[in-house]
Amino acid sequence: MPVTIAHKCFSESLKAPNLVQNDWTDLERPKKLHAYLKALLTFQKSGNLPDPNKRQDAEKVFEMTALEYDQELNETDKNVYLQLAETASGQLCPMASYFGGIVGQEVLKACSHKFSPLNQWLHFAAPEILQNINRGETFPPLSDIHAFGSAEISQIQERWNGVINLRYLGQSLIFGTQFQAKLGAIKCFLVGAGALGCEWIKIMSMIGIGTRTNSGRITVTDMDAIEVSNLNRQFLFREDHVGKMKSVVGATVATQMNSELNIEARQTKVAPETESTFDDEFWQAQDIVINALDNVPARKYVDAKCVFYGLPLLESGTLGTKGNTLPIIPSLTESYGSDPVNDENDASIPACTIHAYPNLIEHTLTWARDTVFEKLFHLDPSEAVKLTKQGLEKYLNELNYQPSSKLSKLRSVRGILVQILPTDHPEKLFPYLVKMENMTWRKCVELGRLRFEELFVNNLITLLNAHPPDKTVDEKGTLFWSGKRRAPEIPSFDVADPTHIEFIQAAAKIYANIYDIKITPQNATEDEIINILNEMKPLPSFVPDSEVFVPENDQEATKLSEEQKQESEKKENIHEFEKLVNDEIEQLQDTRESIENDVNIIPQEFDKDNNSNSHMDLIFAAAMIRARSYGIPEINKLQAKQIVGRIVPAIATTTAMTVGAIALELYKVALGHKDLEVYRSTNFNLAVNSYASFEPTPCKNNSFGRTKANPKLDVNLWTMLTLTGDLTVQDVIDYFQENYEYEVTSISTTGDVTLYNDLFDQDDRLGLKIADLYKGSLKCTPPTYIPLTIDGDFEESDEDGDGDENEDEDEDEDE
C-alpha cells in the first residue's frame, strides 16, 4: 500500500534533526556530526571553509561544535573534530562515491516512489583515517584553492606546480603531499573488471594509485568479454566495446582518465589451474589485493592466497540495493573464508533437497546445472582429455597419487572414450551398454534419449521404490511425502512434448560438440531428431535395485558416506577395489592406440550467453521436466538464465557507495595503520536506509602443540610454519611428532591434492620428497614455497582443549 511521508523543512530539521544511526562504534556520533555540520555552516558564512594553514580556524569550528552539542566533548572528540575542521577544504573521491550513491538512490526514490526515502539526516565521517597524520607543510591559501576552477588557473598552476600535484590537491589537503607518492608507489592486484571493478578503476585513476612516476603498478584481470547487458551499470564501457575484454577496455579507459597510471590488463582467471601464471613471484610483488568478484568460490580462493602470502585484501559485494565491505588485514582481522556466513545470499541448498526432494525452481535448476551439465558434459570429458594429452602411462601415474578417486575417474574416462556399462552408475540408473567409438550425430541423439530415461524416469522410479508414496514415518501415520517433500510423478517420454524434444536436441548438440562432430542445419532439425528417436528400439523396462538406499536428509547422507568409506578401507574390500581398478585399466589399454592418437574430446565450459552452444537449452529443459514431476511452477528461459547465471540486477548507486566505503580502507592500509579499531566494515541497504559501520572481526589466537620441552606456539590464521630443506614425507611427520607431539595422518597441497594418507597404506611414500610428490601430482615445477595442509591428531587427548588438527605449512625448497 502507498504510504505518505512528511518531512520537516530544512530550517526546522537543522534544529531538531531526525538522525539515521550508522556507526556502531560510537552511537553518539551522528549527533556529534550534526553539531559539527552546524558549526561548519556557521563558520562558512564568513566566506570560506577553515583554512588548512590556520590552526585557529579549526579551533574556532571546534568551539562552535562544542556549543552546539548539548553534552561535554572529551579529548578524543576534540582531536577528531579539530582534524575534521582542518581538512574540511579537502576532497576525497571515495567519499564522493559513497555520498553520490546515497544521493543518487534518493533521487530514484523520488522519481519512482519505490523504497523508503531517507528520514532525514544521514551523517557519515571516517576520522579514523586521520589518525597519526602529520601533514607538516604549507598549502595554497584558500583564495588560490578556490581559483583552480576559474580562468586564472594557469597562474595558480605556475605558482604551485612542483610543490603540489594539482591533480590530487583535494586529497593532499587531507593527507599531505608526501602521502601522494606512497599511493603512487602501490602495487595493486584488482581481480575483476565488472561493476565493482569499473568503480574501482575509476577511483584508483582519480586518487593516483600505481603511477609510473612512483614505480607503482595496477594489475587488473577479468576473463569475461563485455556484453550489451553490462552497459547500464559498468559505466566505463560503451556500445563499441561490446565483445571486447573487460580488463583491456577498463585499463585503456583508465589511462585516458589519468595518463600517469601504470596499469596492466590480463584475461586470466585467478584459480588453482592458473597458479603457474599467478605464481609466488607475482603474489609477493603485490602490496594490496582488491576483490571485485561476483561469486563466493573465487573470493575464497583469492582470500586464501592473501592469507598465505600475508597480503591485505579489500573485499566487497552487492546484491541489488544491499552492499557490504570487509577489510582483511594481516595479523589483525579474520579472513573472508573465516566467516561461515558469506555474502551474496550464498546459503547452500542441502544436497538431498537438490538430488531427491526439490520444492523450488532454484532446486531443479541447480540440479540441472551441477548434476546434469557439469558432470556429464564438463567434468567427465575434462578427465578424458587429461588421458589423451598425457598418455595412458603418465595419466595412471598421476592417479596413483589420488587413490580415493582413482576408480571413479577411470570409469568416467572409459565412459567417454570407450563404452558406458550398465554397472557404471552407483544406483544402476543407466542400465544400457553404449559404445563410444566412432561417435556420430545419430549416436548423440540416441545417447540423449538414454540420458532422458536415466535422469527423469529411472531416477524417480528408484526414489519411489526406496520411499513409496504411502510410506509413513511415525505411529500417527504421518506420511513421509508431506510438508515440503513432494512425491514425484514419473514422466513418460513423449515426442510431441516440446520440452522433451528440447532436452534431447540440446543434449545431442552438446555431445556433438564434445566429440567434434559437425552438425548441419538439416540433420539437427526437430523432425530429423524425432525420426531418429522413432527408429530406436524400445527401451527395456527399468527394474530398480532394491538395495539402493536414498538418504532422507544430509545427515543420513553424511553417515552413509562415512560407513561406505570405512567399509572400503577393510582389507578384503581394498583387494576388490584394486581388482576393479585393474579391470578398468585393461579396457583402456586395449584401446590405447586409438584413444591416444585419434580422439579429439572438447569439454564444455558453461556459457550462459552463447545461444548457439545449447547449454542453457539443456539446463532449462532438464529443470522444467524435473519441476513438472515435483509439481513446481515453471518459469521462462530468461528467468532461468538469471538464476543459473546468478544474475542479480546490479544498481550503479549501490556499486558506487560500496566501492566508496571500501576505498576509504585503502587509505588506511596505505598509511600503515596497525590498530584494529581504525578499520571499518560496513553493511547497508539503500532501499530501507539501513547503514551500519563497525570494526571487523579480529583474528583468533590459539595455541598449538604439547611438548614440554618446546613451548606451545601461539598461532592464528595468518601464522605460517616454514620447514626448510628438501624434505621427505617422513621428515615432515617427524618434525610434528618431535616438536608438537602431533601424529600426522595426511599431507595435502594446492587444490586438495593428497600427497600422503596413512589410511591407504602408503608407506612407500615415506621416503619420497615432498617436491617430487608435488611435481608428480600437479604436473608442474614446485614453487619456492609449497603450501601443505597437515591433518592429524595429538598422541593423547588434549587436556587443554587448544590443539588444532589442521595447520597450513610452507615447505621452503632448497634445490
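Look up: the structure comes first, before these words.
Residues numbered from 1 in each chain as written. Predicted model: local features only at pLDDT ≥ 70, side-chain atom pairs only at ≥ 80, totals over all residues. Heavy atoms only, no water.

(A) Representation of the overall build of the chain. Regarding its fold elements, the chain presents 28 helices and 17 strands. The 815 residues of the chain split such that 50% are buried. Long-range contacts, defined as pairs at least 24 residues apart, comprise 70% of the intrachain contacts of the chain with a sequence gap of at least 6. Looking at the chain as shown, the accessible area adds up to about 39,100 Å², and 49% of this sits on carbon and sulfur atoms. (Helix = DSSP H or I, 4+ residues; strand = E, 2+ residues; numbered from the N terminus. Buried < 20%, exposed > 50% of the residue type's maximum accessible area, 1.4 Å probe, protein only. Contact = heavy atoms within 4.5 Å. Areas by Shrake-Rupley, 256 points an atom, 1.4 Å probe, with all protein chains shown as cover.)

(B) Structural view of the packing of helix H18 (residues 441-466) against helix H19 (residues 498-514). Where H18 meets H19, the closest approach of the two axes is 8 Å, and the angle between their N-to-C directions is 125°. Judged on the interaxial angle alone, H19 and H18 are oblique. As for the relative orientation of H18 and H19, their crossing is right-handed in sense. Together, Trp441, Cys444, Val445, Leu447, Gly448, Arg449, Arg451, Phe452, Leu455 and Phe456 of H18 and His500, Phe503, Ile504, Ala507, Ala508, Lys509, Tyr511 and Ala512 of H19 make up the contact between the two elements. Grouping the amino acids of the contact of H18 with H19 by side-chain chemistry returns 13 nonpolar, 2 polar and 3 charged. (Axes fitted to C-alpha atoms, helices over the stretch in contact; angles between N-to-C directions. Parallel < 35°, antiparallel > 145°, perpendicular 65-115°, else oblique. Left-handed = near helix turned anticlockwise from the far one by under 90°. Nonpolar A, V, L, I, M, F, W, Y, C, P; charged D, E, K, R; others polar.)

(C) Layout of the nonpolar core. Counting 84 residues, the largest nonpolar core has Phe377, Trp441, Phe503, Tyr515 and Leu618 as its most contacted members. When residues in this core are grouped by element, the largest group, 12 residues, is from H18. Among residues more than four places away in sequence, those in contact with Tyr515 are Gly415, Ile416, Met436, Met439, Asn600 and Ile601. If you look at the next biggest cluster of nonpolar residues, it comprises 81 residues, including Phe43, Leu84, Phe237 and Val659. (Core = buried A, V, L, I, M, F, W, Y, C linked by side-chain atoms within 4.5 Å.)

(D) Layout of unusual backbone geometry. Of note, the amide linkage connecting Asn119 to Gln120 takes the cis form, showing an omega dihedral of 5°. When you line up the elements, Gln120 lands in the loop between helix H5 (93-112) and helix H6 (142-147). Here the phi dihedral of Asn438 falls at roughly 55°; this positive angle occurs in a residue that is not glycine. With phi around 70°, Ser614 is a residue other than glycine that occupies positive phi space. Locating Ser614 in the fold gives a position in the loop between helix H23 (592-597) and helix H24 (615-629). On the accessibility criterion, Ser614 (3% relative accessible area) is buried.

(E) Looking closely at the side chain of Thr728. You can see Thr728 is positioned in the loop between strand S13 (721-724) and helix H27 (729-740). Taking the relative accessible area as the measure of exposure, Thr728 reaches 15% and is therefore buried.

(F) Focus on the environment of Ala35. Structurally, Ala35 is set in helix H2 (residues 29-44). Among the residues examined, Ala35 registers a relative accessible area of 4% and is labelled buried. C-alpha separation for the pair Ala35 and Ala66, spaced 31 residues apart in sequence, amounts to 7.6 Å. Other than its neighbours up to four places away in sequence, Ala35 contacts Thr65, Glu68 and Tyr69.

(G) Layout of the packing of aromatic side chains. Evaluation of the coordinates by the stated rule reveals 31 aromatic pairs. For the pair Phe189 and Phe282, a centre-to-centre distance of 4.8 Å together with 85° between the ring planes defines the contact as edge-to-face. Taken together, the positions of Phe189 in strand S1 (residues 187-191) and Phe282 in helix H12 (residues 280-284) put the pair 93 residues apart, joining distant regions of the chain. On the accessibility criterion, Phe189 (0% relative accessible area) is buried. Residue classification places Phe282 among the buried residues on the basis of a relative accessible area of 8%. (Phe/Tyr/Trp six-rings, centres within 6.5 Å; stacked < 30°, edge-to-face > 60°.)

(H) Just H2, in detail. Across its 16 residues, H2 extends 22 Å between first and last C-alpha, which sits within 8% of the 22 Å expected from 1.5 Å per residue. Buried residues in H2 make contact with helix H1 (10-15), helix H3 (55-68) and helix H4 (75-86). (Expected span 1.5 Å × (residues − 1).)

Bear in mind that shape data such as this cannot, by itself, settle questions of function.
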